[in-house]
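Observations on chain architecture
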Amino acid sequence: MFHEVTLHKNDFRVMRAWYRGNLDYAGRFGNSEALFPDDAIVWRKLNRAEKSGQPVPLSERNIEIILLWAEETISHTAMNIDEFNLVKKLLGAIGRDIEDYSHFTLR
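Predicted, not measured: the structure shown is a model, and the values here were computed from it. (Residues numbered from 1 in each chain as written. Predicted model: local features only at pLDDT ≥ 70, side-chain atom pairs only at ≥ 80, totals over all residues. Heavy atoms only, no water.)

So, on to the pattern of salt bridges. Per the counting criterion, the structure on display carries six salt bridges. Notably, a salt bridge pairs D82 with R13, separated by 3.3 Å at the nearest N-O pair. One end of the pair, D82, is in helix α4 (residues 81-93); the other, R13, is in helix α1 (residues 9-25), and 69 residues separate them in sequence. Overall, the relative accessible area of 30% leaves D82 in the partly exposed class. (Salt bridge = Lys/Arg side-chain N within 4 Å of Asp/Glu carboxyl O. Helix = DSSP H or I, 4+ residues; strand = E, 2+ residues; numbered from the N terminus. Buried < 20%, exposed > 50% of the residue type's maximum accessible area, 1.4 Å probe, protein only.)

Take a look at the structure:
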C-alpha cells in the first residue's frame, strides 16, 4: 500500500539534511557515501517528486526509512519545528501519532 504524501520545498531540504547527516555518521566506505538499496529507492522517489512537484508515493517501509534518517540525525542535535512538522506529516500518512514517539520532541 502506498501513501501519496505531498511534500514542500522545505520538506525536501530537511530530508536532504537528514540523509546527509547519516552519511556523516556512517563509517568510511570509499568516499564515505554508502547508499544501500532501500535508501536508494527512497532517494530516487524523493528526487522524482521534488522535480515533478507531484505527491510522492511512499510505502510504510519508505516512510520508516526516512524516519530512521531523521532519528539518527536528530539524536545528535535538537529537533527544530520544520523537522517536527515533517515527522508529524510522515507519521500521520501511516496513521501514527507523533505523541507516541518520545524521541521526536521539540527541545
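Still more to cover.
Quick look at the side chain of E83 now. For E83, the position within the fold is in helix α4. R13 is the oppositely charged side chain nearest to the buried, salt-bridge-free E83, at an N-O distance of 7.4 Å. Setting aside its immediate chain neighbours within four residues, E83 contacts V14, W18, I74 and A78. (Lys, Arg positive; Asp, Glu negative; His and termini not counted. Contact = heavy atoms within 4.5 Å.)

Counting 29 residues, the largest nonpolar core has W18, I66, W69, V87 and L90 as the members making the most contacts within it. Of all the secondary-structure elements, those providing two or more residues to this core are α1, α2 (37-52), β2 (56-59), α3 (60-74) and α4. Residue contributions to this core peak at seven residues, all from α3. The contact partners of I66, leaving out residues within four places of it in the chain, are M15, W18, V42, L46, L58 and L90. (Core = buried A, V, L, I, M, F, W, Y, C linked by side-chain atoms within 4.5 Å.)

As a packed pair, α3 and α4 sit with axes 10 Å apart at the nearest point and diverge in direction by 155 degrees. Between α3 and α4, the angle falls in the class roughly antiparallel. You can see that α3 and α4 cross each other, and the crossing is left-handed. Judged by residue contacts, I63, I66, L67, A70 and I74 of α3 engage E83, V87, L90, L91 and A93 from α4. In the contact of α3 with α4, the residues fall into nine nonpolar, no polar and one charged. (Axes fitted to C-alpha atoms, helices over the stretch in contact; angles between N-to-C directions. Parallel < 35°, antiparallel > 145°, perpendicular 65-115°, else oblique. Left-handed = near helix turned anticlockwise from the far one by under 90°. Nonpolar A, V, L, I, M, F, W, Y, C, P; charged D, E, K, R; others polar.)

Quick look at α2 now. In an α-helix, one turn spans 3.6 residues; hence positions three or four apart end up facing the same way. Taking 1.5 Å per residue as the helical rise, α2 with its 16 residues ought to reach 22 Å, and the 23 Å between its terminal C-alpha atoms agrees with that figure. Within α2 the residues assigned to the buried category are D39, A40, V42, W43, K45, L46 and A49. A positive backbone phi angle near 75 degrees is found at G53, which sits one or two residues after α2. (Expected span 1.5 Å × (residues − 1).)

So, about the packing of aromatic side chains. One pass over the structure, following the stated rule, counts four aromatic pairs. Three or more aromatic residues joined by ring pairs form one cluster here, namely Y19, W43 and W69. (Phe/Tyr/Trp six-rings, centres within 6.5 Å; stacked < 30°, edge-to-face > 60°.)

A separate point is the packing of α2 against α3. Between α2 and α3, whose axes approach to 10 Å, the crossing angle comes to 95 degrees. Accordingly, the angle class assigned to the pair α2 and α3 is roughly perpendicular. Residue-level inspection shows D38, D39, I41, V42, W43, K45 and L46 of α2 in contact with α3, the latter providing R61, N62, I65, I66 and W69. Its residues assigned to classes, the contact of α2 with α3 comprises seven nonpolar, one polar and four charged.

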